[in-house]
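# Commentary on secondary and tertiary structure
Read off the chains here:
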Amino acid sequence: MGVQPTTVLIVEDDATDARLIREALATTGGSPFHVEWVTQLTTALERLTRGNVDVVLLDLSLPDGQGIPAFDQVFQAAPNALILVLSAANEEKTTRQAVQRGAQDYLAKAHVDAHWLPRALRYVIEHKATRGKLQDSEASFRAMSDASPLGIFVSDSQGSCTYTNAAYHKISGLNFEQTLGSNWMTAIHPEDRARVLAEWRAAAMGEEPFQTEYRFLQENENIVWTRVSSAPMLDGLHANGRVKTVEDISERKAAEFKLLAVEEALYDEKERAQATLNSIGDAVLSTDLLGNLTYMNLVAETMTGWPYAAALGRSLSEVFRIINGTTRQAIANPAQRAIKENKTIGLAADCVLIRRDGFEFAIEDSSAPIHNRDGRVSGAVIVFHDVSTAKSMALKMTHIAQHDFLTGLPNRVLLTERLSQAILLADRHRMQVALLFLDLDNFKHINDSLGHAIGDKLLESVAERLMSCVRTTDTVCRQGGGEFVILLAEIEQQQDAALIAEKLLAASALPYSIGGHELHVTLSIGISVYPDDSINTDSVMQNADTAMYHAKSIGRNNYQFFKADMNTNAVRRLVIENSLRRALRQEEFLLHYQPQIDIASGAMIGAEALIRWQDPDLGLIQPTQFISIAEECGLIVPIGRWVLREACRQVKAWLDSGLHAVPVSVNVSALEFRDKNFLSGLGAILKETGLAPHYLELELTENIIMHDAKASASVLEAIKAMGVRLAIDDFGTGYSSLSYLQRFPINTLKIDQSFVRDIATNTYGANIVSAVIGMGKSLGHRVIAEGVETQEQVDFLQASQCAQGQGFKFSLPLVADAFACLLTK
Ligand code: C2E
Ligand code: MG
Ligand code: MG
């Protein structure tokens, strides 16, 4: 076999030494040495540059080179060769230096012999080869470990790092220098550190194999999820440090977290569905394909009488027993059909559910198939509810509470609720809400003249027409009487409400044909818009109402938007003022008559005429509501004239019809009394009606006559001259001068009701009444007490010798016909 001989170059100027070496190498038996010999450094260097020299045996005292400089030159020329320095006994120091600088070893010339020189050479040759291999294997280990995706961290028995690979550097964000000497714990995320440390301790500080997952926190805040395994490194039987492998599991973790989030969302969803199903009024059951129960909500538990836990997995026909209420035959299970036909199955008519305890309910049900992810039917759900009478009754009751019985329209209760909702929605959608307050003009009149039946029918027809003018999302509501309210839920601008109002007016322009009557009904509409002119439900209603009054006052049959200057009271005044003019024109006034009684005999000795106003919209209105307004705007003059004429006409008519009529008192207000035409008017009326003047008494308050006492005196005298009587009304409440009182031609003092009311409650009232009675008597006046309501008052008046009284105790003010019945022939 051609084993390459080892080429040995002897560099030795001493021929004897050189020969000894050659002989020693030649005698050996093993692999042959090919020996070359040179005597000079220069020749040696020359030879080495040609290569192929395995071993150099170098003498360091050559003729052309000595010591370390000579060695360095040879070492440079043959870096791969083994250099053995041949040393003489006195060269020990230099020899050692040479070994430090790269020489493989040295040979003492004195010991060169055939026995051990070849062995020594072989040994160093082999030693070098093994070292080379070791270096190679270390390099390839490094390359391998750097190629691995697993991070590797090796630590010594003290725990400080002795080695880390490229993957570890990537995971930890540290470089080799930074890891060297460090502890593995330092790179762990602070939040994980305590846990990992506890696990580490549990694994006997890594004496046992250890595995865990934790995060690396890099300097740049980057987080890497890892799975780390640690095992002791054994040196024979003894642990000698540990090796950790670190796997980057960030991706897997991200996927896990995502899954977790999905699971959580799913759980939430399920919980929500569960809560929903338990809070709805319907019962819900579901089954699998085989018809076994898989779910039921609380209502279903109650209605079937089966607790969920007991029903779960049972056949549906057992839990949900239904029969036909009339035939008592079992009804086919709707779930089975829904599954078979793969569609929603409506309710079976007259379906009765038999509860577990035998109790029966009328129910309505429907069933629908449930599909799985692939769209295949996987079961069915049944939804049902109780339609038994109790239930329907309850529903009816709520309907009644929220609706107008006549028209079926929502009533004020429901309207208020819807208005609040509409306002909420409008806020959210940045829209507006309009409220239209409608009042049928003259409705009261129609109702009174044609009767309630016709009135009701009219309201129903009106309701229908109103409904046809608005969207289904709007609410038409009846407030009562001829009043309706329309809520326009989401409008964009005021103009939208105006359009509807016009539509409503147009619709009402067509006559209604009811019970053979052709009725013409117009509307007055007030509109308020949220949030433009109102801030809440109350103000929306209030403002629409005010605007409606405004529409009425300016002639009806029109619509008005609310305006800030429409102060409610001012509007009402304006309305009344306008209405009074109309009332005068259309004769909407009438007189009630209240008897005046002689207390001792109970006989009627007179009557007071009290005005009333029959408004076609508002009904009967009392004088306290409109007299002061009529006074303010001067309308009291023509109204007063009407009262005078009517009273005179009436008494004359009674007299003419043969009734035993009594004198009538008519109230005269300040403005009338001071009107320059008052006297002439009075005279004309007496003449016109032909009533004897002593049948007429005028009631004036103290303030009226005392206001300009001198001027009053002449008017009063003139009245007396006409034969008309005079009474002082509400006596005691105003300011009287006794001297005038004595001089004025007064016939009657009417003690104000407030004193009469006080008779029984305080002595002050009683004293005044006694004083007035006494004074009146001494002046020769008739004294009458107003507002007599109780027997106690009557007794007191009698005891105080007050002869006459007027008040509810004797009679309410009565309409003319009723009053006439009290008059005897
Ligand atoms: P007055 O002239 O003092 O009339 C008496 C008022 O007391 C009437 O109220 C009458 O209904 C009421 N009355 C009668 N008996 C009782 C009773 O026992 N208890 C109570 N609490 N009240 C009783 P009415 O009709 O509402 O009239 C109120 C006021 O309006 C009258 O007070 C009068 O000042 C004025 N008024 C009534 N009619 C006319 C009228 O034609 N022209 C003018 N200018 N004023 C009138
Ligand atoms: Mg009066
Ligand atoms: Mg009075």
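In case you missed it, the structure is sitting above this.
Residues numbered from 1 in each chain as written. Chains lettered and ligands numbered in written order. Predicted model: local features only at pLDDT ≥ 70, side-chain atom pairs only at ≥ 80, totals over all residues. Heavy atoms only, no water.

## With respect to the overall build of the protein
Scanning the protein from terminus to terminus reveals 31 helices and 35 strands. Taking 825 residues into account, the globule formula puts the C-alpha radius of gyration at 28 Å, and the protein, at 62 Å, lies well above it. The buried share among the 825 residues of the protein stands at 45%. The contacts of the protein with a sequence gap of at least 6 include a subset with a gap of at least 24, amounting to 61%. When the accessible area of the protein is evaluated, it comes to approximately 42300 Å², of which 54% is carbon and sulfur surface. Averaging the coordinates of the 75 positive side-chain charges in the protein and doing the same for the 100 negative ones gives two points 4 Å apart. (Helix = DSSP H or I, 4+ residues; strand = E, 2+ residues; numbered from the N terminus. Rg over C-alpha atoms; globule rule 2.2 N^0.38 Å. Buried < 20%, exposed > 50% of the residue type's maximum accessible area, 1.4 Å probe, protein only. Contact = heavy atoms within 4.5 Å. Areas by Shrake-Rupley, 256 points an atom, 1.4 Å probe, with all protein chains shown as cover. Lys, Arg positive; Asp, Glu negative; His and termini not counted. Charge placed at Lys NZ, Arg CZ, Asp CG, Glu CD.)

## A word on the coordination of the magnesium ion (ligand 3)
The protein atoms donating to the magnesium ion (ligand 3) are D729 (OD), D730 (OD), E786 (OE) and E786 (OE), with metal-donor distances spanning 2.1 to 2.3 Å. Sequence spacing of the donor residues for the magnesium ion (ligand 3), all on one chain, is D-D-x55-E. You can call E786 buried: its relative accessible area is 5%. (Donors = N, O, S within 2.8 Å, 3.2 Å for Na, K, Ca; no water.)

## Details of the nonpolar core
The biggest cluster of nonpolar side chains holds 77 residues, and the ones touching the most others in it are W654, F673, L696 and L698. Of the residues forming this core, the biggest block, ten residues, is contributed by helix α22 (residues 636-656). When near neighbours in sequence (up to four residues on either side) are disregarded, F673 contacts V668, F678, L700, I704, I705, S712, V715, L716 and I719. L409, L436, V470 and L519 belong to the second largest nonpolar core, which has 37 residues in total. (Core = buried A, V, L, I, M, F, W, Y, C linked by side-chain atoms within 4.5 Å.)

## What about the environment of V668?
Mapped onto the elements, V668 comes out in the loop between β29 (664-667) and α23 (670-674). Under the relative-accessibility criterion, V668 is labelled buried at 5%. The spatial distance from the C-alpha of V668 to the C-alpha of I704 is 9.2 Å, given a sequence separation of 36 residues.

## Examining the coordination of the magnesium ion (ligand 2)
Coordination of the magnesium ion (ligand 2) by the protein comes from E608 (OE), N667 (OD1), E699 (OE) and D729 (OD), over a distance range of 2.0 to 2.4 Å. Between consecutive donor residues of the magnesium ion (ligand 2), the sequence gaps follow E-x58-N-x31-E-x29-D. Between the magnesium ion (ligand 2) and the magnesium ion (ligand 3), both coordinated by D729, there is a metal-metal distance of 4.0 Å. With a gap of 121 residues between them, E608 in strand β27 (residues 604-615) and D729 in strand β31 (residues 725-731) connect regions that are remote in the sequence.

## So, the sheet that holds strand β16 (residues 351-354)
The six strands lie next to each other as β14-β13-β18-β17-β16-β15, forming an open sheet whose pairing is antiparallel. The open sheet is flanked by β14 (293-296) and β15 (321-324), the only strands paired with a single partner. Each strand axis lies, on average, 35° off the axis of its neighbour in the sheet, ignoring direction. Alignment of strand β17 (residues 360-371) against strand β18 (residues 377-386), held across nine bridges, turns out to be antiparallel. (Pairing = 2+ DSSP bridges. Axes fitted to C-alpha atoms, helices over the stretch in contact; angles between N-to-C directions.)

## Digging into the packing of helix α24 (residues 678-689) against helix α26 (residues 709-722)
Relative orientation of the contacting elements α24 and α26 amounts to 10°, with a least axis distance of 11 Å. By the criterion of interaxial angle, the relationship of α24 to α26 is roughly parallel. Together, F678, L679, L682, G683 and L686 of α24 and V715, A718, I719 and M722 of α26 make up the contact between the two elements. Residue composition of the contact of α24 with α26, grouped by class: eight nonpolar, one polar and no charged. (Parallel < 35°, antiparallel > 145°, perpendicular 65-115°, else oblique. Nonpolar A, V, L, I, M, F, W, Y, C, P; charged D, E, K, R; others polar.)

## Considerations on the sheet that holds strand β10 (residues 210-217)
Pairing is antiparallel across the open sheet formed by five strands, whose spatial order is β9-β8-β12-β11-β10. On the outer flanks of this sheet lie β9 (161-164) and β10, each paired with one strand and no other. On average, each strand axis in the sheet is tilted by 25° relative to the strand beside it, whichever way the strands run. One ladder, built from nine bridges, connects strand β11 (residues 223-235) with strand β12 (residues 238-248); its direction is antiparallel. In the strand pairing of β12, D235 is matched with H238. Each of β10, β11 and β12 is contacted by helix α9 (residues 250-279), which is oriented at about 130° to β11, the strand it contacts most.

## Observations concerning the site of ligand 1
Surveying the vicinity of ligand 1 reveals 22 residues, the closest of which are Q594, N667, Q753, E789 and F808. E786 has a polar side-chain atom sitting 3.0 Å from an oxygen atom of ligand 1. In the environment of ligand 1, a nitrogen atom lies 2.5 Å from a nitrogen or oxygen atom belonging to the side chain of E789. Compared with its free state, where it exposes 790 Å², ligand 1 has 83% of that area covered by protein. When contributions to the shell around ligand 1 are tallied by element, the ones reaching two or more residues are β27, α21 (623-632) and β31. Per-element accounting of the shell around ligand 1 gives the leading share, four residues, to β27. Of the residues belonging to the shell around ligand 1, the class tally is eight nonpolar, six polar and eight charged. (Near = heavy atom within 4 Å. Polar contact = N/O pair within 3.5 Å; in protein donor to acceptor, adjacent residues only side chain to side chain.)

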